[in-house]
Amino acid sequence: MAPPRPIDGTLLKQGAEAHVYKSTFLLPNLPCLIKIRPTKPYRHATLDIRLTKHRCVSEARLLNRCRSMGVLCPAVYFVDEKRGEIIMEWIEGPSVRDFLHNYMDDASNPSKDEPKIIDVRLDALMENIGLTIGKLHDIDIIHGDLTTSNLMVKSRGTPDARASDSTDTSLADSDVVLIDFGLGQVSSSDEDKAVDLYVLERAFLSTHPRATRLFNIIIDSYKRNCLGSAVVLRRLQEVRLRGRKKSMLG
Amino acid sequence: MPTTLSVPHLPSSYRLHIALFTSVTNAAHLHSQLLAKNSEYEYAFIEPSILVSHLQPISAGFRAIHDLLDPDVGLRTPNVHSETVFSLSPTHNITDSYRRFGISPSSTSVLAIKILDTSLASYSESSTLERLAAIVEGTEVDFDTKEIRKLTDLTKVKKYYKLKDMGYVDQLYKKKGRAIEEKSEDEVWRDLEVAVLGAMALRGLV
Amino acid sequence: MTIAIGLEGSANKLGVGIIRHTPSKPAEILSNIRHTFVSPPGEGFLPKDTAIHHRSWVVNLVKQALKESGVTVREVDCICYTKGPGMGAPLQSVAVAARTLALLWDKPLVGVNHCVGHIEMGREITGADNPVVLYVSGGNTQVIAYADQRYRIFGEALDIAIGNCLDRFARTLNISNDPAPGYNIEQMAKRGKHLIDIPYTVKGMDCSFSGILGFIDAYAGEMLSGAEKRDPETGNLITPEDLCFSLQETAFAMLVEITERAMAHVGSTQVLIVGGVGCNERLQEMMGIMARDRGGSVYATDERFCIDNGIMIAHAGLLAFQTGFTTPIDDSTCTQRFRTDEVFVKWRD
């Protein structure tokens, strides 16, 4: 592993797997995001190098494939796999997770309890998420870590026309952008796609326990939009059952 | 007018001097001087028809300087200028990259880049720019995306950067009879731009 | 002041424990004893034999626990037992014992979720207030965090549990089950040097161990049938110790990774490890390094509490009992499947 070097940028997030900076690429007015996978001292050095390099390269490849084939995700600008570094397109907007949390915590919003969250704007967002994941699976990409933190809401048009944490965005006019493909892979297997949805289901419902209805919109939209949805959703049933069965033994 | 710029994440003393020319008359001469390895002609002479935006050659220059300065990487070609041409390529084949992305004797437009470490005592901006403006015989136009796109050969770009799968999912859905939202011209160019930048960035990843 | 007796027997350990809760004081462990059914090397424990073991020991253990605690039957407020999850026959034998005691002594019953027992005992012993919990045992691999009155499962093993993976690997290598296969793997791993390349499977906050088991089983099988395996770098022979080492390093890295993801996801810096595999010192060490990097710390318990025991059932049962929860005799069944997030956690904010 090449030694890390100082990054010219603003540290945004020290996530579980990567450090994320906001910076610029090529020109002072072209914003970018720099993602660096730091070494993990808890794991064996050989394993660490293997995983870091593999994930960096694999993520860059998947982002490129995904974006190029027509599913929105950050474009790749530059890769330094020896340092586990990817420079990519800056996506302006909140994560779906923050978006939902803000929405539900918003004191001015009376509809905090799930049954009352009937808002066409939210429904449109969920619909869009289902469509986006459906497209992803139709190009045989498995995300591997579908959570609401890894889905962004990006408004179309001028990025600075709106505050990033505002819930007033016209959601009909926004795109869903997938980020963080570090655990992704190319696969046409129904099982892999079903597990991808299962991961999302569990992440979504544990993070937003009062939003079961919203999650169902995602699945419904996936069902209608994704060409291979019938088989995948049947498989999802099996994966769910397996999940319940697992806790058979204490 | 020629453009001088330094690039984020590289030492600020490294500068790219860039000029775009049309109606070029001395491409054959420039090409022969490159083959003769005449150091007076150590420039990146790029064939503009394979460019889709101004970011593309800057990104190639960035990669070339980056690799030059990174002891773990280093140049794969003789100098930072040939490396800039090579950095436009999505593959490892150096000869092919010169042929496809560098000028040919019959080129009628040329993008010229001179990369210099401006901290060296020998550096002079004015003489660098003068020489840049004079070395290519033709009409200098602004180095910007608008001028570049007048020269783009989309067929070549799609072939060289292997972009046949671009927008695959929309085409797939269209075939199935779904209504697909048409993209604006800007969006189409932007998609093309990032697809090309991505293909360049992924060169050599194993 | 309330006192509970807890009976646990969801797998091959039979445990009886007696606990006393006094308001605004730490819980007092009055007794905590255990008897383990150990199967011969190369064999797992079968439900039938395990149930026989539990039935023949439960009276002795209850008597001994009462004696050690100095508590009289009259002072006991409730009888807690493991409702599930676990193996059917052993669970049933202990449920019958608990029911018998309840009728004999005329005390209320409290059915307890085994996983919640581990979590609550871990919190009580370590003082970890609101940690992300890694629950790792022979039957479970879960990453859990508390939210809205439930222990929610953020991640888990999608196929076999880590403990099951270790146990089955031990069987392939004919490693002794005494005192526990995982313990013996841990000791052997300390002498391992070479890391062999094994499948590493993490999907979001979930992971998978069947690929590892299949790979390392095949690898060990070739080794045992006389094939020479060598480290590509040093040329040294790969030993069974190296296999144990590689298995631990890889599988535990996966566990630490999914735990870290969950911590980042819920914004917590504390991590609590519970369950039998939680005794493993290498796992605790790796988790500690990760937690320190995040500015937090790891909480783990020793074998008295992380290995299945009666006291955790008594403790979690008593917490529920104090909120008014009891299990009527008619409902005092047990269930092999009982997910951690099914329990309504009334005793926490």
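Note that the coordinates shown come from a computational prediction; the quantities given were computed from them, not determined experimentally.

Caption draft 1: Region of the structure containing the overall build of chain C. Counting its secondary structure elements, chain C contains ten helices and twelve strands. A compact globule built from 349 residues would reach a C-alpha radius of gyration of about 20 Å, and chain C, at 20 Å, matches this within 12%. Over its C-alpha atoms, taken along the principal directions, chain C stretches across nearly 70 × 45 × 30 Å. The contacts of chain C with a sequence gap of at least 6 include a subset with a gap of at least 24, amounting to 77%.

Caption draft 2: Representation of the interface of chain B and chain A. In this complex, chain B contributes 24 residues to the contact, which on the side of chain A involves 28 residues. If you list the elements that add at least two residues to the side of chain B that touches chain A, you get helix H2 (55-69), helix H8 (168-175) and helix H9 (185-201) of chain B. The leading source of residues in the side of chain B that touches chain A is H9 of chain B, at five residues. The residue makeup of the side of chain B that touches chain A, split by class, is 16 nonpolar, four polar and four charged.

Caption draft 3: Region of interest: the environment of Glu28 of chain C. Residues and elements named next belong to chain C. Position of Glu28 relative to the elements: it lies in strand E3 (residues 28-36). Since 13 C-beta atoms lie within 10 Å of it, Glu28 is described here as partly exposed. Distance in space between the C-alpha atoms of Glu28 and Arg150 is 25 Å, their sequence separation being 122 residues. Leave out the neighbours within four places in its chain, and Glu28 touches Ile19 and Arg20.

Caption draft 4: Spotlight on the UniProt feature "binding site: a divalent metal cation" (unreviewed entry) in chain C. Residue and element names in this part refer to chain C. In this structure's numbering, the residues bearing the UniProt feature "binding site: a divalent metal cation" (unreviewed entry) are His114, His118, Tyr135 and Asp308. The annotated residues occupy 195 residues of the chain but converge on a single region, no pair of C-alpha atoms lying more than 11.8 Å apart. Residue Tyr135 is classed as buried on the basis of its C-beta count, with 29 C-beta atoms lying within 10 Å. Residue contacts for Tyr135: discarding those within four places in its chain leaves Cys115, His118, Ile119, Asn140, Gln142, Ile144, Val274 and Gly275. Among the structural elements, Asp308 can be located in the loop between helix H9 (303-306) and helix H10 (310-322). Here Asp308 falls in the buried class, since 27 other C-beta atoms lie within 10 Å of it.

Caption draft 5: Spatial organisation of the domain arrangement of chain C. All names here are of chain C. Split into domains, chain C comes out as domain 1 (2-120 + 307-342) and domain 2 (128-305). Computed over C-alpha atoms, the centres of domain 1 and domain 2 are 27 Å apart. Taken together, the 18 residues of domain 1 in the interface contact 25 residues of domain 2. The leading source of residues in the side of domain 1 that touches domain 2 is helix H3 (residues 114-126), at four residues. The residue makeup of the side of domain 1 that touches domain 2, split by class, is nine nonpolar, seven polar and two charged.

Caption draft 6: View of the sheet that holds strand E5 (residues 109-113) of chain C. All names here are of chain C. Read from one edge of the open sheet, five strands run E3-E2-E1-E4-E5, paired in mixed fashion. Because the sheet does not close on itself, it has two edges, and the strands there are E3 and E5. Put simply, the sheet's adjacent strands are angled 20° from each other on average, direction ignored. Sheet contacts for helix H1 (residues 47-69): strand E1 (2-8), strand E2 (13-21) and E3; angle to E2, the most-contacted strand, approximately 25°. Lying over the sheet, helix H2 (residues 88-105) contacts E1, strand E4 (78-84) and E5, oriented at roughly 160° with respect to E4.

Caption draft 7: Looking closely at the domain arrangement of chain A. All names here are of chain A. Its domain assignment divides chain A into domain 1 (10-89) and domain 2 (96-246). Contacts between the two partners involve 14 residues from domain 1, matched on the other side by 13 residues from domain 2. Taken together, the residues of the side of domain 1 that touches domain 2 sort by class into eight nonpolar, two polar and four charged.

Caption draft 8: H10 of chain C, seen in detail. Residue and element names in this part refer to chain C. Between its first and last C-alpha atoms H10 spans 18 Å; for 13 residues at 1.5 Å apiece the expected length is 18 Å, and the two agree. Every buried residue belonging to H10 is among Gly310, Ile311, Met312, Ile313, Ala314, His315, Ala316, Gly317, Leu318, Leu319, Ala320 and Phe321, and all of these are buried. Immediately downstream of H10, the backbone of Gly324 shows phi near 100°, a positive value.

Caption draft 9: Layout of the packing of helix H3 (residues 120-138) of chain A against helix H5 (residues 212-225) of chain A. Residue and element names in this part refer to chain A. Contact pair H3 / H5: the axes reach a minimum separation of 7 Å and the direction vectors enclose 45°. Judged by the inter-axis angle, H3 sits oblique to H5. Between H3 and H5 the crossing geometry is right-handed. In this structure, H3 uses Leu122, Asp123, Met126, Glu127, Ile129, Gly130, Leu131, Ile133 and Gly134 to contact H5, whose residues at the interface are Leu214, Ile217, Ile218, Ile219, Asp220, Ser221, Tyr222 and Asn225. Within the contact of H3 with H5, the residues separate by chemical class into ten nonpolar, four polar and three charged.

Caption draft 10: Here's a closer look at the sheet that holds strand E5 (residues 85-89) of chain A. Taken in spatial order, the five strands of this open sheet run E1-E2-E3-E5-E4 (chain A), and their pairing is antiparallel. The strands lining the two open edges of the sheet, one partner per strand, are strand E1 (10-14) and strand E4 (76-80) of chain A. On average, each strand axis in the sheet is tilted by 20° relative to the strand beside it, whichever way the strands run. As judged from the six bridges shared by strand E2 (residues 19-24) of chain A and strand E3 (residues 31-36) of chain A, these two strands associate in the antiparallel manner. Looking across to E3 of chain A, one finds that His19 of chain A is bridged to Ile36 of chain A. Of the strands in this sheet, E4 and E5 of chain A touch helix H1 (residues 45-69) of chain A, which is tilted by about 165° from E4 of chain A. The strands touched by H9 of chain B are E4 and E5 of chain A; relative to E4 of chain A, the strand with the most contacts, the crossing angle is about 10°.

Caption draft 11: Main features of helix H6 (residues 210-224) of chain C. All names here are of chain C. For H6, built from 15 residues, the straight-helix expectation of 21 Å at 1.5 Å per residue is met to within 8% by its first-to-last C-alpha distance of 20 Å. For H6, the set of buried residues is Ile212, Leu213, Ile216 and Ala220. All buried residues of H6 fall inside an arc of 90° around its axis, so they share one side. Away from the buried face of H6 by more than 90 degrees, exposed residues Gly214, Ala218, Gly221 and Glu222 are located. Check the buried side of H6 and you find it contacts helix H4 (162-172) and helix H7 (240-266).

Caption draft 12: Local environment of the packing of H3 of chain C against H10 of chain C. Residue and element names in this part refer to chain C. Taken N-terminus to C-terminus, the directions of H3 and H10 make an angle of 90°; their axes are 8 Å apart at the nearest point. On the basis of the axis angle, H3 is roughly perpendicular to H10. Contact residues: H3 offers Val116, Gly117, His118, Glu120, Met121 and Glu124, while H10 offers Ile311, Met312, Ile313, His315, Ala316 and Leu319. Tallied by class, residues from the contact of H3 with H10 come to seven nonpolar, three polar and two charged.

Cut-offs applied
- Residues numbered from 1 in each chain as written.
- Chains lettered and ligands numbered in written order.
- Predicted model: local features only at pLDDT ≥ 70, side-chain atom pairs only at ≥ 80, totals over all residues.
- Helix = DSSP H or I, 4+ residues; strand = E, 2+ residues; numbered from the N terminus.
- Rg over C-alpha atoms; globule rule 2.2 N^0.38 Å.
- Contact = placed C-beta atoms within 7 Å.
- Nonpolar A, V, L, I, M, F, W, Y, C, P; charged D, E, K, R; others polar.
- Buried ≥ 20, exposed ≤ 12 C-beta atoms within 10 Å, placed from the backbone.
- UniProt positions renumbered as here; feature names shortened; annotations may be inferred.
- Domains from an automatic or database assignment.
- Pairing = 2+ DSSP bridges.
- Axes fitted to C-alpha atoms, helices over the stretch in contact; angles between N-to-C directions.
- Expected span 1.5 Å × (residues − 1).
- Parallel < 35°, antiparallel > 145°, perpendicular 65-115°, else oblique.
- Left-handed = near helix turned anticlockwise from the far one by under 90°.
- Arc of directions from axis to C-beta.

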